[in-house]
Amino acid sequence: MSRLRGAISGIVAAGTGIAAAELLAAAVRPGAGPLVAVGGAVIDATPTPIKEFAVRELGTHDKPVLLGVIGVVLILLAAATGIAATTWRAAIPVGTALLGAAGAAAALSRPAGTVLDAVPAVFGAALAGLALWWLLRDRQGATDAVRDKGVDRRLVLRLSLLAAGAGAAEVAGLAVSGRRENAAGKSREAIALPAPADPAKPLPNGIAADFTTPNANFYRVDTALTVPRIDPSTWRLRIHGMVDREIELSFADLLQRPLIERDITLNCVSNEVGGPYIGTARWLGVPLAALLGEAGVQSGADQIVARSVEGMTIGTPVTTALDGRDTMLAVGMNGEPLPLDHGFPVRMLTPGLYGYAGACKWVTELELTTFDRFDAYWVERGWGSQGTVKTASRIDKPKPFARMAAGTVTVAGVAWAQRRGVAAVEISVDGGPWTKAELLPTASIDTWTQWRFSWKASAGPHSLAVRATDKSGAVQPETRATPFPDGATGWHTISVTVG
Ligand SMILES: Nc1nc2c(c(=O)[nH]1)N[C@H]1C(S)=C(S)[C@@H](COP(=O)(O)O)O[C@H]1N2
Ligand SMILES: [Mo]
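Where an unreviewed UniProt entry is consulted, the protein appears under the name Oxidoreductase, with the organism given as Actinoplanes cyaneus.

Here's what the structure looks like:
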């Protein structure tokens, strides 16, 4: 029985401390809450194969699952501390100091972290320690004789008071971050994007309806447990490092420049063969080449390191900003300011490079340097430094394991080879000869190409495989490779049943 009391006391005390710490963080340093800090540290420390597994198996649920696991571990540790404290008083300072130190260390380890970020965890741990001491005070040294109903009632009262306090702090914390989120949303809605000086060409006739991916359906991949909320009126971009003149720009400065508008397909290096992490949008932005021209890139600089507000670093080859492609600092996506999840107010976009190598969201700094001198976040974790998109193709219709009637079946999908363009798509049924699919019109070599194929399907089980050829003549390789370290290869093959 006293174990149960200890466990409940430990959990309620920890809940009180965490709620208070989260409220303090929400009010003072958004994004520095101990739970999110620990989650971020876990993400950064997670070995690449496990991270890949999480992205593959959990998709966008990976973050809620991670926070859930951290919550369960915390509850177990808090309960253990409470149980230990019923017989060993020193468990209170030892347990809370360890948990507080872990939270503080996680907060300090965040790339954008400052010493102040440790304060919520330390404060929360101290409060949790006091709460646990208060909860267990009368029980210390209590003999069976004095373990009477009066003590139990007192414990229940104290537990309720603390739980109510923790609940109130939690509600207040959510209200504070909700207000901030609202403010970020409002400042985004208030933005009137200027018309592009150089608009996108109208999409050609005959393009299928789902050529452009709506913002709400666009895949999202990042390490941010809480989406950064940036006030565009205080946002600044600094271009520095190996340049002749440092440049600092406000969001208003950026919007005053001539803007280009382009249809560009963005995809993730972690996308498996046939996977969903790809989308095409109409982006609006400032060409990076012009800005780099003004800054004057010094000879020898071969890497642009983009830094985001939450401390991500993404390294992009300088050549990809200067070779004439539409590398840009994007401010608009499909006719709207960038959605908060997709980098509001400003992100990089580099046609032909996977997102991890050319598409830093919430960007605030561009440093010109060399690949020798600096490894960006993903490169440090073993991913390739250049990030060139590989030619690939996907069957979207029919779905794997679909059943259909015999007769003419339309097989359809997309193929992509940004910067090179798609020259051909071929289908093989049951491992037989490759037959050309029909290519639909597309916007440019930087966008995906939709294709379709009329298949005379006979009854029975069948497999369908697709492969693309880019405009350099290179055929998409058959060999299966995992996304790590520089993008998946292999033909997307599905099984279906006819009749
Ligand atoms: N700040 C920041 N930018 C980032 C990332 C990130 O984790 N943090 N992930 C990159 C990766 S791996 C990809 S694939 C793209 C995804 O962009 P999206 O979420 O807008 O689709 O963003 C890139 N930019
Ligand atoms: Mo990615």
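The structure having been displayed, the exposition proceeds.
Asks: Break down the UniProt feature "domain: Oxidoreductase molybdopterin-binding" (unreviewed entry) in the protein for me, with residues and values.
Replies: The residues that UniProt annotates with the feature "domain: Oxidoreductase molybdopterin-binding" (unreviewed entry) are residues 225-378. Secondary structure content for residues 225-378 is 15% helix and 37% strand, while the C-alpha to C-alpha distance between its ends is 17 Å.

Asks: Could you give an account of helix α9 (residues 288-295), naming the residues involved and the relevant values?
Replies: Within α9, the full set of buried residues consists of Leu288, Leu291, Leu292 and Ala295. Each buried residue of α9 sits inside an arc of 100° when the element is viewed along its axis, so together they form one side. With its phi angle positive at about 75°, Gly296 sits one or two positions after the end of α9.

Asks: So, the pattern of salt bridges: which residues are in play, and what are the values?
Replies: What the rule picks out here adds up to 21 salt bridges. Note that Asp44 and Arg110 form a salt bridge whose closest N and O atoms lie 2.5 Å from each other. Here the residue Asp44 occupies a position in helix α2 (residues 34-45), and Arg110 occupies one in the loop between α5 (91-109) and α6 (119-136), the gap between them amounting to 66 residues. The partner of Arg238 in a salt bridge is Glu246, and the shortest N-O contact between them spans 3.0 Å. Its relative accessible area of 30% is what places Arg238 among the partly exposed residues. One network of salt bridges, with partners in common, ties together Lys63, Arg220, Asp222 and Lys361.

Asks: Quick rundown of the site of ligand 1? Include the residues and the values.
Replies: In the region of ligand 1, 20 residues are neighbours, and Tyr219, Glu310, His342, Arg347 and Lys361 sit closest. Contacts to ligand 1 include Val221, whose backbone N or O atom sits 3.1 Å from an oxygen atom. At a separation of 2.6 Å, an oxygen atom of ligand 1 approaches a polar side-chain atom of His342. Bound to the protein, ligand 1 loses 99% of the 530 Å² it would expose on its own. Split into classes, the residues belonging to the shell around ligand 1 amount to 11 nonpolar, four polar and five charged.

Asks: Report on the UniProt feature "transmembrane region" (unreviewed entry) in the protein, specifying residues and quantitative values.
Replies: UniProt's feature table lists "transmembrane region" (unreviewed entry) at residues 65-84, 90-108, 115-135 and 155-176, given in the numbering used throughout. Taken end to end, residues 115-135 is 81% helix and 0% strand, and its two terminal C-alpha atoms sit 31 Å from one another. What you have in residues 155-176 is 100% helix and 0% strand, and the ends, taken at the C-alpha atoms, are 31 Å apart.

Asks: Break down the packing of α2 against helix α4 (residues 62-87) for me, with residues and values.
Replies: Contact geometry of α2 with α4 gives a least axis separation of 10 Å together with a crossing angle of 115°. The pairing of α2 with α4 is recorded here as roughly perpendicular in orientation. Our pair here, α2 against α4, has a crossing hand that is right-handed. Of the residues in α4, those touching α2 at Leu35, Val38, Gly39, Val42 and Ile43 are Leu66, Leu67, Ile70 and Leu74. Broken down by class, the residue content of the contact of α2 with α4 amounts to eight nonpolar, one polar and no charged.

Procedures and definitions
- Residues numbered from 1 in each chain as written.
- Chains lettered and ligands numbered in written order.
- Predicted model: local features only at pLDDT ≥ 70, side-chain atom pairs only at ≥ 80, totals over all residues.
- Heavy atoms only, no water.
- UniProt positions renumbered as here; feature names shortened; annotations may be inferred.
- Helix = DSSP H or I, 4+ residues; strand = E, 2+ residues; numbered from the N terminus.
- Buried < 20%, exposed > 50% of the residue type's maximum accessible area, 1.4 Å probe, protein only.
- Arc of directions from axis to C-beta.
- Salt bridge = Lys/Arg side-chain N within 4 Å of Asp/Glu carboxyl O.
- Near = heavy atom within 4 Å.
- Polar contact = N/O pair within 3.5 Å; in protein donor to acceptor, adjacent residues only side chain to side chain.
- Areas by Shrake-Rupley, 256 points an atom, 1.4 Å probe, with all protein chains shown as cover.
- Nonpolar A, V, L, I, M, F, W, Y, C, P; charged D, E, K, R; others polar.
- Axes fitted to C-alpha atoms, helices over the stretch in contact; angles between N-to-C directions.
- Parallel < 35°, antiparallel > 145°, perpendicular 65-115°, else oblique.
- Left-handed = near helix turned anticlockwise from the far one by under 90°.
- Contact = heavy atoms within 4.5 Å.

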